Amino acid sequence: MLSLGLDINDLNDITYVVGLPDLLYSDSTGNDHHMIMAGGGEGNFFMITKNKIAYYQDWKKRYQRPSAGSQLWNYFSIGKKLYYRIGQGNYIQISQSKTSHFAFAPAVEDPSKDHQQTKRQKFYWNGNSEQAFLFSGKNLYMLVQQGNGDLSAKLLVEDFDLHALGVDVIYLDNVSQKVFLGSRVNGLFVLSKTQFTPVVVKGEVGENVFYAQVPYSASSVITPTGIIIGKGPVPSQTNHKFVSQIAKINPFEKRIMLKSRNGTIWTKRYQTLLRIDQKSLRPDQVWTFENEITALCEGTDNDIWIGVINKGLYRGQTAADKIRPRLIKGHALTEITCLEPGGESEVLAGTSKGLYRVNTLTETSSLIEGTRGIHIKSIHPSDNGRVWITGLETGLMLLTADGKLTRFPLDRKRYLASSHCVVEDGLGYLWVTTNKGLFQVKKNDLLVYAQKYSGKSNITSYGTTRRYTGGLYYHYHAKDEGFNTNEFNGECQPCGVKLASGFISLPSLNGLIWFQPTEIRRHLPDERIILSAVEANGIPVSYSGETIDFPQNVEDVRLYFATAYLGHKDNLNVSYAVVKRSETVAPSDWIPLETDELTVNLTGHYSGEYSLFVRKNNGFGLDNYEIKHIGLNFSERWYENIWIILAISVAIIALVILATFAYNRHRLRSMRQKNTELEEVIAVRTDKLSRSLEDLEASRKDMDQQIYLLSRIVASISHDIQSPLRYVSFASKRIPDLAESGQIDEISKVGLMVSNMSDRMGSMLEQLVSFARAQLYGKKMTFETVNIYQLIQEKYELFRETVHTNASAFYNEIPENKHVDASYQLLSIIIHNLLDNATKYTLRGEIRVYLNNSQPDTKEIIIANTATNLPEEILELLTLEDNDAAIEKFSNSSQLKGLGLLIVKEVATLANIAVWVSQTDYIRFHLRLPRPGTLVKSQTETE
């Protein structure tokens, strides 16, 4: 620069001026050479001293001329033009051959002659943005360059005190119209130009909570509570008044209003329908329903349709003075939320469970396919038979004339899930109100989307919530553009209206939001995406171009992107996809960035070459994307090298072969050993099986004998009990006849016979019971100390009468204190049966029970009676050691008259008691009890 002929010895002699006021120097400091950049590129500048001005272009001096003034801090440039501030609203435009003077209007440059007020003026120049501003009073003006190079003042910010904030630098973004105010003390301020006007009334806070409204004039609306509000001749002016006739009868209900084609206004107060004369604005008719009114509309036939909660749809004829509402049958229409006229002879009824068509001719309704279960919030008939619909949690929908329903995806933050209503602006856009702000959507984009996805599922692979994927662009307007609140109101009719003046009026929680669609600026996010930084495992990674090489062992990669956009952050919809370099991106590969930070975070193991695609929705137009491609090269791990993989594969194959060979040898030895062991196991199990078969065969024989024995018992019951019972019955029936004829002797004979028969049957039953006891107690023997004398005495008492009847004598010669160890139940059965036989067959004889004292260490009980000796066959059976053979032979014996001796034989075996018979002058039954301990041993062996 010293070679440019600047008449300086050192670069430090130059003051580089890039803005006014200068942040480093004051007006009284600085060097004698001021350099001011000129537009058009690098190397273009003015070099100014108190005496001369030199202009350089592409680092070459183009001309030199005398200075316009000696105050170096009064020079500034806009583009290639140089200016000098003289003061008092006068400026000089400086060119190569001449200078020209111009001045601002006195109201701007010198608003008051008062010296204190003049101090409130301040000049700002931003050399980087080539913008100049003048702050005067509390208004900020921008100096706009005219065609001839002169400057004019344009009001930019009104009634905003820059002095109080200590503002040093000003910048205006021409796209977003945002004004950035920089202060070294207070930081950065951003001023946004409002595009929307909240129209409010003076009064209580609740009076500015608006719902339903209808046009009253070209620039005003009327509400259900009687407020007429609108814009005046001056844009910032709001006019409103209260209609007392309406406010008096309806001071609170705000949700439903209707203006019919003839100008009549309809509204409601809970369950009361009000008709208001359009001229006098007085209610002239009132109808009261059982429940609250929820919707109103005027059909194509001019009839009034009324929705009443829990009742249904009513129809009122308007031809007569009184409409006389009549209920339309249909249980599906009991929860109506909104009503709108549809096609010819049709009314659309929105309910909490779907959208219905009501035929006005037949007065029948049908559910529109695809709307079942949807809470319908608003219906907006459009052109060509189309209907725009909003639903709770489903957002915006389109119903075409052919009956096809399209659900549009929600925005990224799901604000559209709370969509209230739709208003068309006539410029090709839909305006949708929500609880979180206002959306502007291009109508043609929605129609193209609906045609593209007609008959297809438009629910994305990200789940049933239908996250916004970027195909459609929803432009979001928020509170910073002029709303008092982002929360608009819905569930009312009509929700939003367009007036004849072009204004659109939307109800909110704090005022009606008015705007002219033609004046709305849309700052779209259509700038490039740039990669600003890359980190790997938290360490910055250097890169150049569109390819990034990562070091080894990278597990966490973060790529930071940026785009030049000063609009609302919710209008940035960015998604990304990561695929192998050779693969193409599928629709399901795109992952939306859910946060406002444009950061792609890749975690996990990546190896090889990948392609990262980052796409941004540039604004209106379906699939209008800005896509940036970044190549990602990840180092391979040592085990991913092809030669190492081949070597490992060969080693693994060889190892598998050796292992297979060793395994087969081991397996063969093992199989041989297991074969030997198996043979041994088979032999053992075969032996066990043989023994089990033998046991089963013995059990089968025992079962056969038991069955045979039971058959004999049944035969015995039939013969010895059933037959005598029949005879007893027959004989008993004769007693009355014998008594009547006086045959007393015969009656005595019959009685004696019945007595004998009963004794016999009792004895037989006792034997059967004893046998059953033997079968029962033989399997559950318990041993105890038994007093033999008492047991004999108890049994004798049972047979005392029999002994006396037979004229016999009974002698219990057992000592009273004699005890033995035995099973009481089994021993009792044996003695009972032996005494039974002895008492029955001893006539005029003796029955003796005593102990055999010839062997002191052995306890032997002898039951003796005088009677005819027993047959040899029975004696042989009693002495057989094979119990089964004895039972079989005993069962076939013709000498057997009962079960007594069979029971004695069976029970004695179970009790381990030896039984035998000796006969002389007495028949003696010997019962030898085992020594102490023998019974337990025998029982254990038996078990």
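Residues numbered from 1 in each chain as written. Predicted model: local features only at pLDDT ≥ 70, side-chain atom pairs only at ≥ 80, totals over all residues. Heavy atoms only, no water.

If you check an unreviewed UniProt entry, the chain appears there as histidine kinase from Dyadobacter endophyticus. Check the Catalytic activity (unreviewed entry) section of the UniProt entry for the chain; it says "ATP + protein L-histidine = ADP + protein N-phospho-L-histidine." (UniProt positions renumbered as here; feature names shortened; annotations may be inferred.)

Chemist: Whenever I open this one, the overall build of the chain confuses me. Can you help?
Modeler: Across its full length, the chain carries 13 helices and 61 strands. Counting only residues that meet the buried cut, the chain has 44% of its 943 residues in that class. Accessible surface, the chain as shown: approximately 48,700 Å² in total, 51% of it carbon and sulfur. (Helix = DSSP H or I, 4+ residues; strand = E, 2+ residues; numbered from the N terminus. Buried < 20%, exposed > 50% of the residue type's maximum accessible area, 1.4 Å probe, protein only. Areas by Shrake-Rupley, 256 points an atom, 1.4 Å probe, with all protein chains shown as cover.)

Chemist: Looking at this structure, how should I read the pattern of salt bridges?
Modeler: Between side chains of opposite charge, a pair can form when the charged atoms approach closely. Taken as a whole, this structure holds 28 salt bridges when the rule is applied. In this structure, R386 and D383 form a salt bridge, with 3.3 Å as the shortest nitrogen-oxygen distance. A salt bridge links E546 to K628, with the nearest nitrogen and oxygen atoms 3.2 Å apart. Placement of the pair is E546 in the loop between β47 (539-540) and β48 (547-549) and K628 in strand β54 (residues 625-634), with a sequence separation of 82 residues. (Salt bridge = Lys/Arg side-chain N within 4 Å of Asp/Glu carboxyl O.)

Chemist: Help me understand the sheet that holds strand β38 (residues 405-407), please; the structure alone is not making it clear to me.
Modeler: Pairing between the strands of a sheet is mediated by backbone hydrogen bonds and can be parallel or antiparallel. One open sheet accounts for four strands, arranged β35-β36-β37-β38; its pairing is antiparallel. At either end of the open sheet lies a strand with only one pairing partner, and these are β35 (376-381) and β38. If you compare each strand with its neighbour and ignore which way they point, the axes differ by 20 degrees on average. Where strand β36 (residues 387-391) and strand β37 (residues 395-399) come together, five bridges link them in antiparallel fashion. By the bridge assignment for β37, G391 is matched with G395. (Pairing = 2+ DSSP bridges. Axes fitted to C-alpha atoms, helices over the stretch in contact; angles between N-to-C directions.)

Chemist: Explain the packing of helix α8 (residues 788-805) against helix α9 (residues 824-841) to me, please; I cannot follow it from the model alone.
Modeler: Two numbers describe a pair of packed helices, the interaxial angle and the distance between the axes. With their axes 10 Å apart at the nearest point, α8 and α9 run at an angle of 35 degrees to one another. Crossing handedness for the pair α8 and α9: right-handed. Facing I788, L791, I792, E794, K795, Y796, L798, F799, T802 and V803 of α8, the residues of α9 in contact are Y824, L827, S828, I831, H832, L835, D836 and T839. Residues of the contact of α8 with α9, tallied by class, amount to eleven nonpolar, four polar and three charged. (Left-handed = near helix turned anticlockwise from the far one by under 90°. Contact = heavy atoms within 4.5 Å. Nonpolar A, V, L, I, M, F, W, Y, C, P; charged D, E, K, R; others polar.)

Chemist: Would you mind showing me how to read a nonpolar patch on the surface here?
Modeler: Taken together, the side chains of L23, L24, Y25 and V169 define a hydrophobic patch exposed on the protein surface, amounting to about 380 Å² of accessible area. Mapped onto the elements, L23 comes out in the loop between β2 (19-20) and β3 (33-37). Residue L23 is classed as partly exposed on the basis of its relative accessible area, which comes to 40%. (Patch = residues over 30% accessible without salt bridge, like charges linked within 9 Å, V, L, I, M, F, W, Y side chains within 5 Å.)

Chemist: Looking at this model, I keep getting lost on the state of the cysteines. Mind explaining?
Modeler: As used in these notes, a disulfide is a covalent bond between sulfur atoms, one from each of two cysteines. Counted according to the given criterion, the structure contains one disulfide. Between C421 and C495 runs a disulfide, and the two sulfur atoms are separated by 2.4 Å. Taking the torsion about the sulfur-sulfur bond, which here is approximately -60 degrees, the covalent link between C421 and C495 counts as left-handed. With C421 in the loop between β38 and β39 (422-424) and C495 in the loop between β42 (474-477) and β43 (497-498), this residue pair connects regions lying 74 residues apart in the sequence. Accessibility assignment for this pair places C421 and C495 in one class, buried. Just so you know, C297 is unpaired, no disulfide at all, and the nearest cysteine sulfur is the one on C338, 9.7 Å from it. In this structure C492 is a free cysteine whose sulfur lies 4.2 Å from that of C495, the closest cysteine sulfur available. (Disulfide = S-S within 2.5 Å.)

Chemist: Looking at this model, I keep getting lost on the nonpolar core. Mind explaining?
Modeler: One broad rule of soluble globular proteins: the nonpolar side chains tend to lie buried together. Core analysis: the biggest nonpolar cluster contains 41 residues, and I913 and L927 have the highest contact counts within it. Top element by residues in this core is α9. It accounts for eight residues. Among all residues touching I913, those that are not within four sequence positions of it are L827, I830, A908, L927, R928 and L929. (Core = buried A, V, L, I, M, F, W, Y, C linked by side-chain atoms within 4.5 Å.)

Chemist: Can you help me understand the UniProt feature "transmembrane region" (unreviewed entry) in the chain in this one?
Modeler: The feature "transmembrane region" (unreviewed entry), as given by UniProt, occupies residues 642-663 in the numbering adopted here. With 100% helix and 0% strand, the stretch residues 642-663 has end C-alpha atoms that lie 30 Å from each other.

Chemist: Would you mind going over unusual backbone geometry with me for this structure?
Modeler: Across residues other than glycine, the phi torsion is negative in most instances, and most of the peptide bonds are trans. Geometrically, the link from L20 to P21 is a cis peptide bond, its omega value of -5 degrees lying close to zero. Of note, P21 is situated in the loop between β2 and β3. Of note, the amide linkage connecting Q493 to P494 takes the cis form, showing an omega dihedral of -15 degrees. In this structure, P494 sits in the loop between β42 and β43. Even without being glycine, N384 reaches a positive phi, approximately 55 degrees. Structurally, N384 is set in the loop between β35 and β36.

Chemist: Which parts of the structure should I look at to understand the packing of aromatic side chains?
Modeler: Aromatic ring pairs are reported here in terms of the distance separating the ring centres and the angle at which the planes meet. On inspection of all chains with the given rule, the structure shows 32 aromatic pairs. Judged by centre distance (5.1 Å) and plane angle (50 degrees), the ring pair of F439 and Y476 falls under tilted. Linking F439 in strand β41 (residues 438-442) with Y476 in strand β42, this pair joins segments that are 37 residues apart in sequence. Neither residue differs from the other here; F439 and Y476 are each classed as buried. Between F550 and F634 the ring centres are 4.8 Å apart and the planes differ by 10 degrees, which places this aromatic pair in the stacked class. A residue pair is termed long-range when its members are at least 10 positions apart, and F550 in the loop between β48 and β49 (556-563) and F634 in strand β54 qualify at 84 residues. Looking at F550, the relative accessible area reads 4%, which means it is buried. For F634, a relative accessible area of 7% gives the class buried. Members of the aromatic cluster, connected to one another through ring pairs, are F76, Y83, Y91, F102 and F123. Cation over ring: R255 sits above Y211, and NZ or CZ is 4.2 Å from the ring centre. Across from the ring centre of Y625, 4.2 Å away, lies the NZ or CZ of R615, which sits over that ring. (Phe/Tyr/Trp six-rings, centres within 6.5 Å; stacked < 30°, edge-to-face > 60°. Lys NZ or Arg CZ within 6 Å of the ring centre and 35° of its normal.)

Chemist: Even after reading the chapter, I still don't get the environment of P381, so can you show me in this structure?
Modeler: As for its placement among the helices and strands, P381 is situated in strand β35. In sequence terms P381 and L398 are 17 residues apart; their C-alpha atoms lie 9.9 Å from each other. Discounting chain neighbours no more than four positions away, the residues touching P381 are E340, P341, R386, V387 and E424.

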